[in-house]
Amino acid sequence: RQRQMCIRDRYGLNPNTQYCFRIEDENGNYSEIQQLITLKQPDSAYLFSIGVFTDNHHTYNELNDNDTGFLYGVPNEMLEGLRYDFTRNSCAFVICKGDITDHGYQTEFDDFLVFHSSPGFGQDFYPVIGNHDKKDTYYSTAFNTLTSSGATNYSFDYSGWHFIFLDSAKEGTDAGYFELDTLTFLEQDLITNQGKNTLIFLHHLVNPIPGVTDNPYVDASYTLVENRQAFKDIVADYPDVWIVFSGHAHLNHVSFDNEILYVVSGPVIHYPVQYNILHIYENAVVQESRKISGTVSLSEWSRMKMVNCCLLYTSPSPRDRTRS
């Protein structure tokens with residue numbers, strides 16, 4: 001059995017090969033030469049592809065945040081780009097890993113539902129609930145519409161693979177927490193579906209990221225599920241669990257613990273303004289990270305605002321500068 005994250009050969013690149021490249025714009029400006037090594041091609045049959053995105057923080061009648069680079073003012077442009085990308089990539093279905101909305105308001109959910117019923121999303125859309133979605137009690141009504149069961153913990157099979165969706169959000173806090181019914185659902189589901197290659201999707205992180213979740217200068221404890229060890233104790237007994245996918249942290253990171261991959265991916269709402277395509281093989285999972293179509297200039301605007309925000313945040317105080 002292979003457990004690997006690699007780049008699917010879609011652009012004429014050979015697997016397991018070193019390439020040099022640079023990025024050039026329309027004005028002839030170009031970056032320094034960089035290198036990459038493509039990973040090996042899976043040795044099993046390709047089955048299907050899935051569209052995945054997270055943290056789009058859909059809003060209604062708000063403006064882009066000029067201080068932080070959050071793209072609140074273009075929610076429809078983001079969803080149109082995602083719909084186009086998932087359609088052109090022939091995705092079997094689409095997953096959102098939480099924070100569909102920014103405040104959990106009815107107006108935000110209702111506006112998103114217009115896209116939910118459109119080609120590219122439609123009945124093949126499977127959401128995870130995030131902490132921002134639970135900021136208003138309307139989430140329970142909205143999820144009855146977005147999922148066939150109306151539940152925030154659910155699972156299904158597709159082409160020999162098993163998919164589990166878990167609720168890690170707790171009302172009244174941004175930090176994650178697994179309620180007893182979530183842990184019970186997880187264990188019973190794994191018992192029932194033993195022998196199936198399994199992927200788990202949730203919003204919060206269950207595996208720490210060194211330098212991020214333990215940063216002494218920034219309180220990043222809210223990114224982690226408080227009782228994450230209970231989750232790990234359960235999945236440790238089921239070798240069919242391959243990968244646990246999360247969002248919430250607004251960054252890209254891959255870690256490995258007890259033979260399970262933990263994959264965190266970046267957001268829609270700000271730089272890098274991305275989505276992912278998961279290519280599923282009989283014995284391999286291939287993840288691609290891509291920028292949403294039509295958002296390059298928005299992404300760069302967001303990046304510059306975020307850089308300026310970080311510089312301001314980390315700069316010494318006026319008194320410190322005077323002393324230096």
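What counts and how
- Residues numbered from 1 in each chain as written.
- Predicted model: local features only at pLDDT ≥ 70, side-chain atom pairs only at ≥ 80, totals over all residues.
- Heavy atoms only, no water.
- Buried < 20%, exposed > 50% of the residue type's maximum accessible area, 1.4 Å probe, protein only.
- Helix = DSSP H or I, 4+ residues; strand = E, 2+ residues; numbered from the N terminus.
- Contact = heavy atoms within 4.5 Å.
- Core = buried A, V, L, I, M, F, W, Y, C linked by side-chain atoms within 4.5 Å.
- Disulfide = S-S within 2.5 Å.
- Expected span 1.5 Å × (residues − 1).
- Polar contact = N/O pair within 3.5 Å; in protein donor to acceptor, adjacent residues only side chain to side chain.
- Patch = residues over 30% accessible without salt bridge, like charges linked within 9 Å, V, L, I, M, F, W, Y side chains within 5 Å.
- Areas by Shrake-Rupley, 256 points an atom, 1.4 Å probe, with all protein chains shown as cover.
- Salt bridge = Lys/Arg side-chain N within 4 Å of Asp/Glu carboxyl O.

(A) Representation of helix H2 (residues 106-116) in the model. The set of residues buried in H2 consists of Glu 108, Phe 109, Asp 111, Phe 112, Leu 113, Phe 115 and His 116. Looking at the packing, one finds that the buried side of H2 touches strand E3 (46-53), helix H1 (75-88), strand E5 (125-127) and helix H3 (139-146).

(B) How the structure looks around the nonpolar core. Counting residues in hydrophobic clusters, the biggest one holds 29 residues, and the most contacted among them are Phe 53, Met 78, Leu 82, Phe 86, Phe 121 and Phe 125. Among all residues touching Phe 53, those that are not within four sequence positions of it are Leu 82, Phe 86, Val 94, Ile 95, Cys 96, Lys 97, Phe 112, Phe 121, Phe 125, Val 268 and Tyr 275. Ranked by size, the runner-up nonpolar core spans 22 residues in total, among them Val 52, Trp 161, Phe 245 and Leu 261.

(C) Structural view of the state of the cysteines. Applying the stated criterion across every chain yields a total of zero disulfides. Note on Cys 96: no disulfide assigned, nearest cysteine sulfur contributed by Cys 91 at a separation of 14 Å.

(D) Structural context of H1. In this model H1 runs 20 Å from its N-terminal to its C-terminal C-alpha over 14 residues, within 8% of the 20 Å that 1.5 Å per residue would give. Here H1 has its buried residues at Pro 75, Met 78, Leu 79, Gly 81, Leu 82, Arg 83, Asp 85 and Phe 86. Positioned one or two residues after H1, Ser 90 has a phi angle of 50 degrees, which is positive.

(E) Quick peek at the side chain of Glu 108. Among the structural elements, Glu 108 can be located in helix H2. Polar side-chain contacts of Glu 108 include one of 3.1 Å to the backbone nitrogen of Gly 104. When residues no more than four places from it in sequence are discounted, the contact partners of Glu 108 are His 58, Thr 59, Tyr 60, Glu 62, Thr 101, Asp 102 and His 103.

(F) Representation of a nonpolar patch on the surface in the model. On the surface, Phe 21, Ile 23 and Leu 36 cluster together to form a nonpolar patch covering roughly 240 Å² of accessible area. Mapping Leu 36 onto the fold places it in strand E2 (residues 34-37).

(G) Spatial organisation of the side chain of Asp 111. The topology assignment puts Asp 111 in helix H2. A distance of 2.7 Å separates the side chain of Asp 111 from the side chain of His 58, its partner in a polar contact. Apart from residues no more than four positions distant in its own chain, Asp 111 is found in contact with His 58, Thr 59, Tyr 60 and Asn 76.

(H) Geometry of the pattern of salt bridges. Under the defined criterion, the tally for this structure stands at seven salt bridges. Notably, a salt bridge pairs Asp 157 with Lys 196, separated by 2.6 Å at the nearest N-O pair. Highlighted residues: Asp 157 in strand E6 (residues 154-158) and Lys 196 in the loop between helix H4 (180-192) and strand E8 (197-201), separated in sequence by 39 residues. Given a relative accessible area of 25%, Lys 196 falls into the partly exposed group. Two residues, Arg 303 and Glu 300, come together in a salt bridge whose shortest N-O distance is 2.9 Å. Of this pair, Arg 303 and Glu 300 both sit in helix H6 (residues 296-314), separated by three residues, roughly a single helical turn. Take Arg 303: its relative accessible area is 28%, and that puts it in the partly exposed class. Residue classification places Glu 300 among the partly exposed positions, given a relative accessible area of 32%.

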